[in-house]
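Spelled out, the chains give:
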Amino acid sequence: ELKVEQNPLFLSMQEGKNYTIYCNYSTTSDRLYWYRQDPGKSLESLFVLLSNGAVKQEGRLMASLDTKARLSTLHITAAVHDLSATYFCAVDIWGGGADGLTFGKGTHLIIQP
Amino acid sequence: DAMVIQNPRYQVTQFGKPVTLSCSQTLNHNVMYWYQQKSSQAPKLLFHYYDKDFNNEADTPDNFQSRRPNTSFCFLDIRSPGLGDAAMYLCATSRTDRVGYQPQHFGDGTRLSIL
């Protein structure tokens, strides 16, 4: 059974600080996704990481993938309040690209002024 | 804009009364998914359609059924909703092709309440 573990599950930080969210998964996969979810809203795709060593950046967020370690990170640089949300990582269930995603439990991020 | 549309946004039904949630897409994606997300939990895949092929997750209760009459529409039927079925239901689509893999695009969800 595929397991996806995120940590921390809850993170409160101040604006301007840097932090990293970690995502470990239990099966070989070269596809990992990061989504953002605001309260009561749906999921917004942030990054798709498709190969070992992939790094993608968008604004203050940067995601990376190490398929050998089965680890992805989401790094937040100089956090701002607007980044407060829940962040999920997800992995293809069977690695086939169309079989649905298994999500981590999510990291609830609160950024305080 | 091309998108994934779920109706209704909020649905209230009575315990045991069948309910249908709908999803439509203008992305012309060949794969459509239904996820269940309970409060403060991660989304959980219920089933998906790869074109017309239905794929049920092993632990999806028999109470949950789905229909995909054409590429654009997919329905989630809950035959006899119980209190434990109260959740946000998310529809998602994706396209698989040789060029690359696309991320799943999610609709805004339907929040289902059971009285």
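This structure is a prediction, so every number in the text was calculated from the model and none was measured. (Residues numbered from 1 in each chain as written. Chains lettered and ligands numbered in written order. Predicted model: local features only at pLDDT ≥ 70, side-chain atom pairs only at ≥ 80, totals over all residues. Heavy atoms only, no water.)

Right, let's get into the nonpolar core. The biggest cluster of nonpolar side chains holds 25 residues, and the ones touching the most others in it are Leu32(A), Trp34(A), Leu74(A) and Tyr87(A). The greatest single-element share of this core, amounting to four residues, is contributed by strand 9 (residues 85-92) of chain A. Listed in part, the 18 residues of the second largest apolar core include Val19(B), Leu46(B), Cys74(B) and Cys91(B). (Core = buried A, V, L, I, M, F, W, Y, C linked by side-chain atoms within 4.5 Å. Buried < 20%, exposed > 50% of the residue type's maximum accessible area, 1.4 Å probe, protein only. Helix = DSSP H or I, 4+ residues; strand = E, 2+ residues; numbered from the N terminus.)

Scanning all chains against the criterion turns up four salt bridges over all chains. For the salt bridge of Asp92(A) with Arg31(A), the shortest nitrogen-to-oxygen distance reads 2.6 Å. Taken as a pair, Asp92(A) in strand 9 and Arg31(A) in the loop between strand 3 (19-25) and strand 4 (32-37) lie far apart in primary sequence, 61 residues in all. With a relative accessible area of 1%, Asp92(A) lands in the buried category. With its nearest N and O atoms 3.0 Å apart, the salt bridge here joins Asp59(B) to Lys44(B). Within this pair, whereas Asp59(B) is found in the loop between strand 6 (53-56) and strand 7 (64-67), its partner Lys44(B) is found in strand 5 (residues 44-50), the two being separated by 15 residues in sequence. We classify Lys44(B) as partly exposed; its relative accessible area is 34%. (Salt bridge = Lys/Arg side-chain N within 4 Å of Asp/Glu carboxyl O.)

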